Amino acid sequence: MNREEMIKKVAGYDGYWDFVVIGGGATGLGVGLDAASRGYKTLLLEQHDFSKGTSSRSTKLVHGGVRYLRQGNISLVLEALHERGLLIRNAPHLVSHQAFIVPNYEWWNGPFYGAGMKVYDLLAGRLGLGSSKHLSKEETLKRIPTLEPKGLRGGVVYFDGQFDDSRLAVNLAQTMVEHGGVPLNYMKVTGFTWAGEMIDGVTAKNMETGDEYEIHSRVVVNATGVFTDEVLKMENPGAEPIITPSQGVHVVLDKEFLPGDSAIMVPQTTDGRVLFAVPWHDKVVVGTTDTEVPDVSLEPRALEEEIKFILDHAAIYLTKDPTRDDIQSVFAGLRPLVKAGEGKSTAAISRDHYLVVSESGLVTITGGKWTTYRKMGEDTVNQAALVAGLKDQPCITKDLRIHGWLKHFDEHDPLSYYGSDAIYIKKIVNADPAMGEKLHKKLSYIRAEVIWAVREEMARTVEDFLARRSRALFLDARASIDAAPEVARIMAEELGYDRKWQMDQENAYVGLAKEYLLT
Ligand SMILES: Cc1cc2nc3c(=O)[nH]c(=O)nc-3n(C[C@H](O)[C@H](O)[C@H](O)COP(=O)(O)OP(=O)(O)OC[C@H]3O[C@@H](n4cnc5c(N)ncnc54)[C@H](O)[C@@H]3O)c2cc1C
């Protein structure tokens, strides 16, 4: 997947695309891949990098959403569980089975998911990942030795999926290319083109060169997450906002806080949230919060009270209380929740997806979650093809293997999440053993991955590599800062940039990564 080639495909084509998709997060990539794989001529435009927005900042769960059961939203859970099963089948290199323990304490008087988990198992049907079961106090502590033993009665174990969100985004873009689609990062949509009252394309700006393009399309899809309203306003300055952005924060801790393979799931915190502590890439991700925020941004910042909330709640369940000094990275993401009636807390607003066609023919898809990205894509393309009068083509993504698909691999191989691409990275090392050296002693990443990310995964900046091709920024922000100069050097060499570019990149990255640190 090469950006120059993609740009040429845009610059060299004057005709109509079938689909132009705005937004390169989970939703846009789901739509883009669905459309391209049906044979539609499809272009996806992302203003920054793929999954720069919400889609790299999730809890990393492929889940039915146990808590929606409590809200009685069975169809949402059913759909998500089905999608969970499909994703594990289609991207086994990126999605794994994860055991979750719901601890049961004497003082606990909220809902406890003993019986509820059986319903969850039943809804998953043959795509289930394993049966939930009750655990004694001893069994619970054996699985999670750092769980607070005082007052512990036992627990329930259930299974869900876990994944790497931004890696999946890159692999979806690659799969799109394999089906003739054109995904482009650093290409911002700045407006629409019109044929009378109807939208017939977009204007877009290459954020690297400043070049501007007019691109025509039979249908345009707005898949811009929390930026949905900005795009709706481009279409109609008087458009009513439909998004309530809700911020969720995670902190990342050392694995010593949660040794072993099991995650903790706390069904109800004081503001009615679910709190997770999940092992991820040899660290522990703890979160999340649900804070309504007035503004949207590509780099939302965690609030002090959100960090305090997570640390305070983690301390209730863990024997060793984590402190601010233990936090290796803190990241915030914005949920694109669709507006509900006044006075509802954001924790209670629907997590269903929302598909609407404007009078101008613009198709907007938002809400939902990563787990259901494929279904959102399918529903959107069905609708959009109708709007555009395109020839009906069946959806094939249920059984479509995602780039990198590999079923049997060594989980302990640090390159395993590349799936079938891992051998090519090893070839880079074979050709030049220096490329096998680690970028930092505290990170598992090697130099060859930087080269691979530039050549095959459209990484354009140091941040693209350290935040989304690798996950260094999210796992250990300080170590990622130390690794930045070497990443900048390798990238400058690969991309043919000069020393100034290298220095600018280093500085920009350090400025950004400091925001992921508390001390
Ligand atoms: C804290 C948190 C935890 C979550 N955890 C989970 C989880 O564990 N499991 C799960 O299934 N879901 C989870 N979700 C939900 C999931 O992450 C989101 O539903 C999903 O990522 C939204 O994707 P999106 O593509 O709609 O939005 P985004 O990822 O934000 O993508 C929108 C993209 O549009 C681009 N864009 C905007 N304007 C323009 C323009 N003018 N031109 C070009 N591009 C533009 C942006 O740059 C952005 O990249 C979580 C969400 C949050 C906030």
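Residues numbered from 1 in each chain as written. Predicted model: local features only at pLDDT ≥ 70, side-chain atom pairs only at ≥ 80, totals over all residues. Heavy atoms only, no water.

### Some points on the overall build of the protein
- If you tally the helices and strands in the protein, you get 16 helices and 18 strands.
- In terms of overall dimensions, the protein is globule-like: its C-alpha atoms have a radius of gyration of 23 Å, near the 24 Å expected for 519 residues.
- Within the protein, the fraction of its 519 residues that count as buried is 61%.
- If you take every contact in the protein between residues at least 6 apart in sequence, the share linking residues at least 24 apart comes to 72%.
- Looking at the protein as shown, the accessible area adds up to about 20,600 Å², and 51% of this sits on carbon and sulfur atoms.
- Charge centroids of the protein, computed over 59 positive and 71 negative side chains, lie 4 Å from each other. (Helix = DSSP H or I, 4+ residues; strand = E, 2+ residues; numbered from the N terminus. Rg over C-alpha atoms; globule rule 2.2 N^0.38 Å. Buried < 20%, exposed > 50% of the residue type's maximum accessible area, 1.4 Å probe, protein only. Contact = heavy atoms within 4.5 Å. Areas by Shrake-Rupley, 256 points an atom, 1.4 Å probe, with all protein chains shown as cover. Lys, Arg positive; Asp, Glu negative; His and termini not counted. Charge placed at Lys NZ, Arg CZ, Asp CG, Glu CD.)

### As for the environment of Leu-466
- Relative to the helices and strands, Leu-466 resides in helix α13 (residues 462-469).
- Judged by relative accessible area, which is 1%, Leu-466 ranks as buried.
- Distance from Leu-466 to Phe-276, taken between C-alpha atoms, is 24 Å for residues 190 residues apart in sequence.

### A word on unusual backbone geometry
- The step from Gly-287 to Thr-288 runs through a cis peptide bond, and the omega angle for that step is 20°.
- Its location among the elements puts Thr-288 in the loop between β14 (283-287) and β15 (291-292).
- Even without being glycine, Met-458 reaches a positive phi, approximately 60°.
- Summarising the element assignment, Met-458 is placed in the loop between α12 (447-456) and α13.
- Judged by its relative accessible area of 1%, Met-458 is buried.

### Some details on a nonpolar patch on the surface
- Taken together, the side chains of Ile-74, Leu-78 and Val-119 define a hydrophobic patch exposed on the protein surface, amounting to about 220 Å² of accessible area.
- Its relative accessible area of 40% is what places Leu-78 among the partly exposed residues. (Patch = residues over 30% accessible without salt bridge, like charges linked within 9 Å, V, L, I, M, F, W, Y side chains within 5 Å. Salt bridge = Lys/Arg side-chain N within 4 Å of Asp/Glu carboxyl O.)

### Quick word on helix α16 (residues 499-514)
- Taking 1.5 Å per residue as the helical rise, α16 with its 16 residues ought to reach 22 Å, and the 23 Å between its terminal C-alpha atoms agrees with that figure.
- Contacts made by the buried residues of α16 are with α13, α14 (472-475) and α15 (477-495). (Expected span 1.5 Å × (residues − 1).)

### What about the side chain of Ser-329?
- Take Ser-329: it is sitting in strand β16 (residues 329-338).
- Note on Ser-329: relative accessible area 0%, which makes it buried.
- With near-sequence residues (within four places) excluded, Ser-329 lies in contact with His-250, Val-251, Val-252, Leu-473, Phe-474, Leu-475, Ala-477 and Tyr-516.

### With respect to α12
- Here α12 lies mainly inside the structure; 8 of its 10 residues are buried.
- The set of residues buried in α12 consists of Arg-447, Ala-448, Glu-449, Val-450, Ile-451, Trp-452, Ala-453 and Val-454.
- In the segment just after α12, Met-458 is the residue with positive phi, at about 60°.

### Notes on the pairing of strand β17 (residues 353-357)
- Where β17 lies against strand β18 (residues 363-367), 5 bridges are found, and the strand directions are antiparallel. Note on β18: the bridge partner recorded for Leu-355 is Ile-365.
- Where β17 folds back on β18, the antiparallel hairpin that results is connected by 5 residues, among which Gly-361 adopts a positive phi of roughly 95°. (Pairing = 2+ DSSP bridges.)

### Observations concerning the site of the ligand
- Near the ligand you find 37 residues, and of these Thr-27, Glu-46, Ser-55, Leu-61 and Thr-371 are the closest.
- Between the ligand and Thr-54 there is a distance of 3.1 Å, counted from an oxygen atom to a backbone nitrogen or oxygen.
- In this structure, Ser-55 approaches the ligand through a side-chain N or O atom, which is 2.5 Å from an oxygen atom.
- Protein chains shield 97% of the accessible area of the ligand, which is 1,000 Å² for the free molecule.
- Looking at side-chain class alone, the shell around the ligand contains 12 nonpolar, 19 polar and 6 charged residues. (Near = heavy atom within 4 Å. Polar contact = N/O pair within 3.5 Å; in protein donor to acceptor, adjacent residues only side chain to side chain. Nonpolar A, V, L, I, M, F, W, Y, C, P; charged D, E, K, R; others polar.)

### So, the pattern of salt bridges
- Tallying each qualifying case throughout the model produces 33 salt bridges.
- One salt bridge connects Glu-208 with Arg-460, and the closest N-O pair in it is separated by 2.8 Å. Note that Glu-208 is positioned in the loop between β9 (198-206) and β10 (212-222) and Arg-460 in the loop between α12 and α13, a separation of 252 residues in sequence.
- With a relative accessible area of 7%, Arg-460 lands in the buried category.

### What to know about the pairing of strand β13 (residues 275-280)
- Summarising burial for β13: 6 of the 6 residues are buried, a large majority.
- Burial of β13 is two-sided: the residues Leu-275, Ala-277 and Pro-279 facing one way and the residues Phe-276, Val-278 and Trp-280 facing the other way are all buried.
- Judged from the 3 bridges that link them, strand β12 (residues 263-266) and β13 form a sheet pairing that is antiparallel. Bridge assignment links Ile-264 to a residue of β13, and that residue is Ala-277.
- Here β13 pairs with β14 via 5 bridges, running antiparallel. In the strand pairing of β14, Phe-276 is matched with Gly-287.
- Taking the residues between adjacent antiparallel strands as the criterion, β13 and β14 are bridged by 2 residues, where His-281 takes a positive phi near 45°.

### Section: the packing of helix α4 (residues 74-90) against helix α10 (residues 373-388)
- Where α4 contacts α10, the two axes come as close as 8 Å, and the packing angle between them is 105°. Taken as axis vectors, α4 and α10 run roughly perpendicular relative to one another. Judged by residue contacts, Glu-79, Glu-83, Leu-86 and Leu-87 of α4 engage Tyr-373, Arg-374 and Lys-375 from α10.
- Broken down by class, the residue content of the contact of α4 with α10 amounts to 3 nonpolar, no polar and 4 charged. (Axes fitted to C-alpha atoms, helices over the stretch in contact; angles between N-to-C directions. Parallel < 35°, antiparallel > 145°, perpendicular 65-115°, else oblique.)

### A closer look at the confidence of the model for the protein
- For the protein, the average pLDDT comes to 93, and 96% of its residues sit at 70 or higher.
- Low confidence marks residues 341-345, where pLDDT is under 50. Its contacts with residues over four positions away, or in another chain, come to 0 contacts. (pLDDT = per-residue confidence, 0-100.)

### Some words on the environment of Glu-506
- Position of Glu-506 among the secondary structure elements: in helix α16.
- With relative accessibility at 17%, the residue Glu-506 sits in the buried group.
- For Glu-506 and Val-487, which are 19 residues apart along the polypeptide, the C-alpha to C-alpha distance reads 8.6 Å.
- Beyond its immediate chain neighbours, meaning those up to four positions away, Glu-506 contacts Ala-484, Pro-485 and Ala-488.

### Details of the side chain of Ser-166
- Relative to the helices and strands, Ser-166 is located in helix α7 (residues 165-178).
- Of the polar contacts made by the side chain of Ser-166, one reaches the backbone oxygen of Arg-468; its length is 2.7 Å.
- If we skip the residues at most four places from it in the chain, Ser-166 touches Ser-51, Ser-55, Ser-56, Ala-467, Arg-468 and Arg-471.

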